[in-house]
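Tertiary structure, described
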Amino acid sequence: MAKFSDEGRDSFTSKFGIVCAAAGSAIGLGNIWRFPYVVGDSGGGAFLLIYLGFIVLLGIPVMLSEFIIGRRGQRNALGSFKRLAPGKSWYLVGVMGIVAAFMILAFYSTIAGWTLHYVIQSFANSFAGKTSAEINQFFESFHTRALMPLLWQLIFMSMTAWIIFSGVKKGIEKYTKVLMPFLVLLLVIMAIRSVTLPGAKDGLLFLFKPDFSAVDSGVLLAALGQAFFSLSIGMGALITYGSYIRKHNNLGNISVQVSLADTMIATLAGVAIFPAVFAFGLDPAEGPGLIFTVLPNIFQQMPGGYFFSITFFVLLAIAALTSSISILEVVVAYLTEELNLTRRKATLMAIIAAAFVGVFCTLSFGTLKNVTIKELHIFGMLDFTASNLLLPLGGLLIVIFVGWYMKSSDVKDELSNKGVLKVKLFDILMFILKFIAPLAIAIVLFDSLGII
Ligand code: PFF
């Protein structure tokens, strides 16, 4: 990101750098923490199939649309809309994205904080010799407390702010290029251990055998929200990153590659988690704590588990960090470009505001657990509102913008890099952007809200 485009903006220097940054944003806690627990909550196999369908039919088109808007607009999420649709209200999609970014950062950092705590506990070998019930108990007593989880959350937020502030994203890219393949390798090893545990078969059946009788509009919405959350789409993170992509890179290829990598890792995490859930007699629907109670059990059953546990939680924390920087960047790019704040001021303001909300998220597992709206505590409420409502709504408006508002010749221009590349399947893409994606998102979203 050292080179500057003609407007003096940062831009990614290589195709590989872009794929790494976008994949770094997509691959994170969403794949390894959120995906398994949402699958568990939503009944397993049928959810997985619907999720995969949503990734292909809706996820890739929305991701591509965000890249198109960002690269054409050459601005942050809000500014790009202002430039491409001057005098119109489309910039409100960017405003919504900024609101979603705050919400996600607030609860994301809670879980990232837990991950950091588990790094230290792995070093200390705290899970050694513990039974499954004791590991559960350990998690229970940790995450319902106030001080430790808050401390870790603030540490994680400071790390995110520091990276955004000091602009060492290039360094991050350099490391993630090497580290993320390690994470995949580790997941493969864990998946092998998990599927060879006695009683693992039930977990594989749970994950891969669809039972459509359990599918209702809530499950559809959960799959939609998870697909959007996992791909980092619907709130302008990839509009912002798209604005740093250089003119000769192939947006179509990048979108497909990033979506494939993201989906592969989520599925792999599922294969690592569910056989173990059943082998250890745990509850697949136990919620946000799922991986923190399952994974230490798997490590206990692995030769070299001590080492694996440390490495895994460190890599997970790094994956979380490369995602959280993309969330914070949405806000910081807006504040610096639209409100002319310095990068330092913008980062500081954004992180303090997010930390303020974040405290309530973390405390909602203990001190504030009785503060609920419709059975959801603050954490659940923010997650639901951002992931299942704001991201799909943002995605809906983004595909409508590219499908209907932008000239199709401009869309083609962006996809083909001004006619240099051959654009395959353009008509099919436009058909999806105009009709299929908006209709499908609208139906799932509004049906589950009881609006239609
Ligand atoms: N996609 C990230 C993950 O799976 O962990 C989370 C995320 C990042 C969501 C950026 C939204 C976003 F804009």
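Everything below is about the structure shown above.
Notes on the structure follow. (Residues numbered from 1 in each chain as written. Predicted model: local features only at pLDDT ≥ 70, side-chain atom pairs only at ≥ 80, totals over all residues. Heavy atoms only, no water.)

Remarks on the overall build of the protein
When helices and strands are counted, the protein shows 18 helices and two strands. Scaling as 2.2 N^0.38, a compact globule of 452 residues should have a C-alpha radius of gyration of about 22 Å, and the protein matches this with 21 Å. When the backbone C-alpha atoms are referred to their principal axes, the protein occupies close to 60 × 50 × 40 Å. For the protein, the residues scored as buried account for 58% of the 452 residues in total. In the protein, the share of contacts with a sequence separation of at least 24, taken over all contacts with a separation of at least 6, comes to 81%. (Helix = DSSP H or I, 4+ residues; strand = E, 2+ residues; numbered from the N terminus. Rg over C-alpha atoms; globule rule 2.2 N^0.38 Å. Buried < 20%, exposed > 50% of the residue type's maximum accessible area, 1.4 Å probe, protein only. Contact = heavy atoms within 4.5 Å.)

Observations concerning helix H9 (residues 201-208)
Of all the residues in H9, the buried ones are Gly 203, Phe 206 and Leu 207. Taken end-on, H9 shows its buried residues confined to a sector of 90°, consistent with a single buried face. Turning to H9, the residues buried within the fold contact helix H2 (29-41), helix H3 (45-73) and helix H12 (251-279). (Arc of directions from axis to C-beta.)

Concerning the site of the ligand
Around the ligand, a shell composed of 15 residues is seen, among which Ala 26, Gly 30, Tyr 108, Phe 229 and Ser 232 lie nearest. The separation between an oxygen atom of the ligand and a polar side-chain atom of Tyr 108 is 2.5 Å. Here a nitrogen atom of the ligand sits 2.8 Å away from a polar atom, N or O, in the main chain of Phe 229. Starting from 340 Å² of accessible surface for the ligand in isolation, the protein chains cover 100%. Among the elements of the structure, helix H1 (15-26), H2, helix H10 (217-231) and helix H14 (305-338) are those that each provide at least two residues to the shell around the ligand. Partitioning the shell around the ligand into residue classes produces seven nonpolar, eight polar and no charged. (Near = heavy atom within 4 Å. Polar contact = N/O pair within 3.5 Å; in protein donor to acceptor, adjacent residues only side chain to side chain. Areas by Shrake-Rupley, 256 points an atom, 1.4 Å probe, with all protein chains shown as cover. Nonpolar A, V, L, I, M, F, W, Y, C, P; charged D, E, K, R; others polar.)

Examining the side chain of Ser 323
Relative to the helices and strands, Ser 323 is located in helix H14. Taking relative accessible area as the criterion, Ser 323 reaches 2% and is therefore assigned buried. Polar side-chain contacts of Ser 323 include one of 3.2 Å to the backbone oxygen of Gly 24. With residues up to four places along the chain from it excluded, the contact list for Ser 323 reads Gly 24, Ser 25, Ile 27, Gly 28 and Tyr 108.

Thoughts on a nonpolar patch on the surface
On the surface, a nonpolar cluster with roughly 1100 Å² of combined accessible area is contributed by Val 56, Leu 57, Trp 404, Phe 431, Phe 435, Ile 436, Leu 439, Ile 443, Leu 449, Ile 451 and Ile 452. Of all the secondary-structure elements, those providing two or more residues to the nonpolar patch are H3 and helix H18 (426-448). Per element, the largest residue contribution to the nonpolar patch is five residues, and it comes from H18. Relative to the helices and strands, Ile 451 is located in the segment after H18. (Patch = residues over 30% accessible without salt bridge, like charges linked within 9 Å, V, L, I, M, F, W, Y side chains within 5 Å. Salt bridge = Lys/Arg side-chain N within 4 Å of Asp/Glu carboxyl O.)

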